Structures are given as C-alpha cells and as structure tokens.
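Residue strings, one per chain:
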Amino acid sequence: MPFFFLLCALSLSLHAVMTDKLIAQAHAKHLSDQRYWHLLMHSPHDESEIDDSAFFLSSEGKQNLSSELDATIRHFNEDTNRTNESVFCRFPARRAWLEHELNTSFGEGECNEYDALVAKMDPQKVTLVFPSAHINSPASMFGHTFLRIDSSMESKMMSYAINYAAHTDDTNGLLFAYKGLFGGYYGYYSMLPYYEKLKEYRDSESRDVWEYDLNLTHDEVMAMVRHIWELQRINSWYYFFDENCSYHMLWLTEIARPSVHLRDHFWYYIIPPETVYAFEDENLVVDKHYRPSKRTKLLSYEAQLSSEGIRAVLNLASGDMKSDDSELLRFSDQERRYIFEAAAELIEYRYIEGKLSKETYALRYHSFLSERAHLGGGAPITIEKKPNPDTAHRAARIVLGKEWMENRSPFLIGWRPAFHDIGEDDTGHLFGAQIEFLDAVVGVEEEKVTPEKLTVLSLASIAPVSHFFKPFSWRMKSGWDRDYGDDHLSFVTRVGAGASVGNEYMYGYVLSEPEVRLGSNADIGLGFTAGVALNWGNRMKTFSEMGHVFYLDNHDQSRFCFSHLWQWNGHVAVNAKYERIEQRYDEDRYTLGVNFYF
C-alpha cells in the first residue's frame, strides 16, 4: 500500500512538472497575446465579452486571458476525469489549438456526447443564412443571420442551424426594444435542425430566406464545430445594435478562418444585411440560393390565377367547397393544379397561424394533395427571384444637398446611421418597410448652422392587402422637425395605421395618423395621409404623399410632397424633392441632394 501511494505521488509530481513546463513554454511564445486565443475567448481587447462564469476556468479568466490560459493548460494536463462534463471534453477547440501550439498531446478522453454529435452532424461545409425582415414586425426589420453546418447529404433540411438570439418571454414591444438596446436579455447559442429554422422564418413568419455558401475547408468547419460545442448553454448579454445575432456569427467564422477580419468591418453597430457585405468583401461566399417564403409563394399563385381560380382557392381553404366539387371541372387541368397547390399552401399557412385545428388542417391538406396528384405533372408555379440583400444600398447615409424655401435657402448636411426609408430604392429590401434611427439634418447658411430635423426613430410597414392576406399598414415617427407652423423646430410623436394595395412595383396606402407635439409649439393633431410609391426599374423610385392634419390649437395643415430618387449603385443616389405646406401661409420647398451610403 505505501508503494502504491508513492507511485501516485510520483505521478502527480511528474504531471505538475510537465504542467509547469507547458505553461512556461506558453508564456515564452506569448500564446495569451495571440489572436486565436483572443478569438477563443471572444475578447476583442483584454476582456472577454462572454458573461457566463461557466466559460472560464480561472476566477480571473474574463479579465485576465493569461490566467485563463494557465488554468486551461493545468486542467488539460492534470485532470484525471476525462468524461463528458469534464474540462477535457467541454473545450475541444482550446485543446486542439494548445496541442498544436505547444507541440504536445494531452492524451485521450471519453467524450462520447461530443463524438456522437460530430458523427450525427457530419460537418462538411458552412452556409450563412439570411432571413429577410418579417412584415409588420419592428423587431425584425433588420433581418437576421445564422449559420448552417452542411453534411454530406444532398438535402440540406437535416443540416444543423447555429443560431444566437436573446432569451425572452416578453411580449411587450416597447419593453423588448428597451431591454434589447440596453442589455436586458441574455443571449444564447442554439443548435437545431435546419428545417425547424425554415419552418420558423420562412413559413411561420413569412420571411424570404437567402443562403450564402461559404468556401471554408473541412478543417476550418471542424474548428468552428469544436468552438460551437464550447458555447453550449453559455450566455452573454444581448445588445440589439452590436452584440447581436449577426455579431456572434462573425466570431464563429473567424474561429474557423482566423485570416479573415469580419468584425473589423464594423465600429459602432452591426446589422444583419451589413454582415452579408462583410462576408462578400472577405471573399468567403462562393454561391447563393433563394428560398421564397410561404407568403411569396401564395402571392405568386395570386398573380397567375384567374379571379375565379382565386375564389376557388379561398372556398376550398374555408371549407365552402369540396375538392371533388364539379365546379372545379370548368378550369383547365393546369389551373386546377395551381388551385389545389395554392389551397394546400394557404391552409398550411392558416394552420401555422393557429386559425385551423390540426384535424381540419390534416383532412383538407390530404384531400387537396390527393386531387393534385390525380392531375399528374404540370408546369411549376413561376416564382420571381427577388434581389439578394447584398444588392441593397448600404445602411449608413450622408446627405449633401441644397434646399430652397420662401425665406431661406440653406445647404443641407445629413447623417443617418441606419437604415432605409420608403422613399429610397427598395432593391434588396422588403418593399414598404422603413426603419430609420437618429436621422439628423442641419442647414448651413451665411455661416449659420441651424438644426433642420432629428428623427430619433421612424418605423413603417406598408403591407398591401391581397386576396390571401389582409395585413394592416402602420408607421410611427418620433423626433424634431420644422413641419409645424412658422418653420419652427418642434418635437412630434406620430403613430398611424391604415391599409395599402399594390405590389413591389407600385403600391398606394391610406393612413390615419394622430400626433402630439411638445415644446413651444405644443399641440395635438389628427392627420389623414395618402401616398403612392412607384419603382420604375433601373433603381429609380418615385414617391408622392399628401395629407391633412386637424390641429387643436392651430390652423389645419395641408401637405403635399413629391420625390424622385435614382440609385446609381449601393453607395450613391441622387434625390430631388418638392414639398408644399399650407397652414397659416403657403410655402413651397425644393430640395436637390446626393445620398452617400457606406
């Protein structure tokens, strides 16, 4: 027995000596200062952005990367427990890198759960996935990005999606926005089959999806997978504008290929469409694919069915017509194919929305598909591919222009960090959607600088109704402008709702818009607005709007504006605008400007 204890003591002593040698070697090579260690620690500088203590092996690990490195080596070399929940199995990315850098091996372990996951995933390639904005949802107007780990299977449905999102049960939109802006939620990585994410974004939320295949090698994909395993159940504070879903996908990609510097493309905010540009600029994208949403599919059926065919689809979906109804025989075989396909898509959409019971949905869905199968093959519905998000204008905007009014003619200088308004080119954007944040314009005239407007936040969703969809349109604005009375700056909050008709080429809308003004021009008004937007092609857009506001303490105001924009490319646009305001007196305003996007 004493001999046994002696052997144990000698073994521990040898391990301790070897550990000290490895730590000394790591210090000599300055491993804790190397970029890859900072990437593994999610540390842009000297402190990790991970906020979960379970991610660190040293009590000082979050702020002291050298201490974390020492603790990691010590655990890898000395821990005898090497099963699933051990440090040895929990941190395969750290282990692989340290073994390479120190030219050593920490031995073998029994990491059955990790090995089983890798075998199930069969990681081969990586795809960046971009679901577009969700119509009528302000929280999703920037879109979303996540990664897909592709296997060797031809179908991508069983591939694994790697997602990062805030964990919340809040349903209050204002509370969600506040906490999202100021870090009120923890964010978590999740890993689940790709078909589930498609069901969520493409089907449930009717968001078109773009896929960007990346040129990562198999070894680079494995490096990413090892680090994804390390991040399971690990949390960090979620911030809407920077440490968000897109930002964390950049970390994972840099882990896979450290030679790229995706995060260096951003310095004060990160939004999903801009990350697509970053992947393009770093030459990571090799192919692109488009997956239309269920809403896009149904609108395509609307466009190609006759009015009688659309009515048949609605009657089938509502149960007012049976799939073997003789009325359907008057349609051609091809139109009947489209009718049954559209009816199946529509009841699935309604079931997802909770408007049909599972039993009713299953019965009708099976009936429609059976009748469709009896009709044999035919021409598939034509779905026009929408422009990729990377063809859109960039998010940040500087405006240089000149405005002519009755008593002033200032030069205009404007700055908007993000993102898009409905008067701008819709290429690559969800048409009718608007989100502007901190849009500021100053006027310069005779060495005098005057604030013209500051829009704190402006949102809009002009969503046309159709035979299959009946969304409402709405918009809101909060900020300072000179649109009231005698050209004085005042603060206004306006919220409106109404309806819209049309499509992505031309749409019109009518809104009722109550407003409240504060400051020296405090007042309450009720406005009614009608507008129309026309996309000409060649990235030209004409926008016109007219409205009338009934004020409590001032004369009523009538307003008309007309603008035309020509988007040269993603970086430059020319815009001309005419406005007429009638209140206490009539005033015409003419503006000519150039928009620079970056």
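The following paragraphs examine the structure supplied in this document. (Residues numbered from 1 in each chain as written. Predicted model: local features only at pLDDT ≥ 70, side-chain atom pairs only at ≥ 80, totals over all residues. Heavy atoms only, no water.)

**Notes on helix H3 (residues 65-78)**
Compared with an ideal rise of 1.5 Å per residue, which puts 14 residues at 20 Å, H3 spans 20 Å between its outermost C-alpha atoms and is within 8% of the ideal. A large share of H3 lies buried, amounting to ten of its 14 residues. Among the residues of H3, those classed as buried are Leu65, Ser67, Glu68, Leu69, Asp70, Ala71, Thr72, Ile73, Phe76 and Asn77. Residue Asn64 occupies the N-cap position of H3, its side-chain oxygen lying 3.2 Å from the main-chain nitrogen of Ser66. (Helix = DSSP H or I, 4+ residues; strand = E, 2+ residues; numbered from the N terminus. Expected span 1.5 Å × (residues − 1). Buried < 20%, exposed > 50% of the residue type's maximum accessible area, 1.4 Å probe, protein only. Polar contact = N/O pair within 3.5 Å; in protein donor to acceptor, adjacent residues only side chain to side chain.)

**Here's the deal with the packing of aromatic side chains**
Counted under the stated rule, the structure contains 28 aromatic pairs. Three or more aromatic residues link up through ring pairs in this structure, and these residues are Tyr36, Trp37 and Trp97. Over the face of the ring belonging to Phe55 we find Arg94, whose NZ or CZ atom lies 5.0 Å from the ring centre. When the ring centre of Tyr194 is taken as reference, the NZ or CZ atom of Arg148 above it lies at 4.8 Å. (Phe/Tyr/Trp six-rings, centres within 6.5 Å; stacked < 30°, edge-to-face > 60°. Lys NZ or Arg CZ within 6 Å of the ring centre and 35° of its normal.)

**A closer look at the packing of helix H14 (residues 333-352) against helix H15 (residues 358-374)**
At their nearest, the axes of H14 and H15 sit 9 Å apart, and the two run at 165 degrees to each other. Here H14 is positioned roughly antiparallel relative to H15, judged by the angle of their axes. Classified by chirality, the crossing of H15 by H14 is left-handed. Residues Arg337, Phe340, Glu341, Ala343, Ala344, Ile347, Glu348 and Tyr351 of H14 touch H15, and the partners they reach there are Lys358, Tyr361, Arg364, Tyr365, Phe368, Leu369, Glu371 and Arg372. Of the residues belonging to the contact of H14 with H15, the class tally is nine nonpolar, no polar and seven charged. (Axes fitted to C-alpha atoms, helices over the stretch in contact; angles between N-to-C directions. Parallel < 35°, antiparallel > 145°, perpendicular 65-115°, else oblique. Left-handed = near helix turned anticlockwise from the far one by under 90°. Contact = heavy atoms within 4.5 Å. Nonpolar A, V, L, I, M, F, W, Y, C, P; charged D, E, K, R; others polar.)

**What to know about the state of the cysteines**
Taken as a whole, this structure holds one disulfide when the rule is applied. Paired through a disulfide, Cys89 and Cys111 show a sulfur-sulfur distance of 2.1 Å. The sign of the S-S torsion, about -80 degrees, decides the handedness of the disulfide formed by Cys89 and Cys111: left-handed. Pair noted here: Cys89 is in helix H4 (residues 87-90) and Cys111 is in the loop between helix H5 (92-102) and helix H6 (112-121), with a separation of 22 residues, a long-range link. In this structure, Cys89 and Cys111 share a single accessibility class: buried. (Disulfide = S-S within 2.5 Å.)

**A short note on the nonpolar core**
Grouped together as the largest cluster of nonpolar side chains are 87 residues, with contacts concentrated most on Leu98, Leu147, Ile149, Leu214, Met224 and Leu252. Once residues lying within four places of it in the same chain are set aside, the contact partners of Leu98 are Leu31, Leu69, Thr72, Ile73, Phe76, Asn103 and Phe106. Within the second largest apolar cluster, 27 residues are counted, among which are Leu305, Ala317, Tyr338 and Phe468. (Core = buried A, V, L, I, M, F, W, Y, C linked by side-chain atoms within 4.5 Å.)

**Quick word on the sheet that holds strand S2 (residues 146-150)**
Read from one edge of the open sheet, seven strands run S6-S4-S3-S2-S1-S5-S7, paired in antiparallel fashion. The open sheet has two free edges, formed respectively by strand S6 (235-238) and strand S7 (285-291), since each of these has just one partner strand. On average, each strand axis in the sheet is inclined to that of its neighbour by 30 degrees, with strand direction left out of account. In this structure, strand S4 (residues 185-193) lies alongside S6, joined through four bridges in antiparallel fashion. Bridge assignment links Tyr186 to a residue of S6, and that residue is Trp237. Set on the sheet, helix H8 (residues 194-204) makes contact with strand S1 (125-131), S2, strand S3 (160-166), S4, strand S5 (209-214) and S7; between it and S4 the angle comes to about 120 degrees. Docked against the sheet, helix H11 (residues 272-281) engages S1, S5 and S7, running at close to 145 degrees with respect to S1. (Pairing = 2+ DSSP bridges.)

**Overview of unusual backbone geometry**
Cis rather than trans, the peptide bond between Ala418 and Phe419 has omega equal to 20 degrees. Residue Arg233 is not a glycine yet carries a positive backbone phi of 65 degrees. Position of Arg233 relative to the elements: it lies in the loop between helix H9 (218-230) and S6. On the basis of relative accessibility, which here comes to 61%, the residue Arg233 falls in the exposed class. Of note, the phi angle at Leu438 is positive, near 55 degrees, even though the residue is not glycine.

**So, the pairing of strand S12 (residues 448-461)**
Sheet topology places strand S11 (residues 433-445) next to S12; twelve bridges connect them, and they run antiparallel. Its bridge partner being in S12, Phe437 is matched across the sheet by Leu457. From the end of S11 to the start of S12, which pair antiparallel, there are two residues, and Glu446 there has a positive phi angle of about 55 degrees. In this structure, S12 lies alongside strand S13 (residues 473-484), joined through seven bridges in antiparallel fashion. Bridge pairing links Leu459 to Met476 in S13.

**Quick notes on the environment of Pro514**
With respect to the helices and strands, Pro514 occurs in strand S15 (residues 506-518). Since its relative accessible area comes to 40%, Pro514 is described here as partly exposed. Between the C-alpha atoms of Pro514 and Pro464, which are 50 residues apart in sequence, the distance is 21 Å. Ignoring anything within four residues of it in the chain, the contact list for Pro514 reads Thr493, Arg494, Val495, Gly525, Leu526 and Gly527.

Shape is all these values report; function is a separate question.
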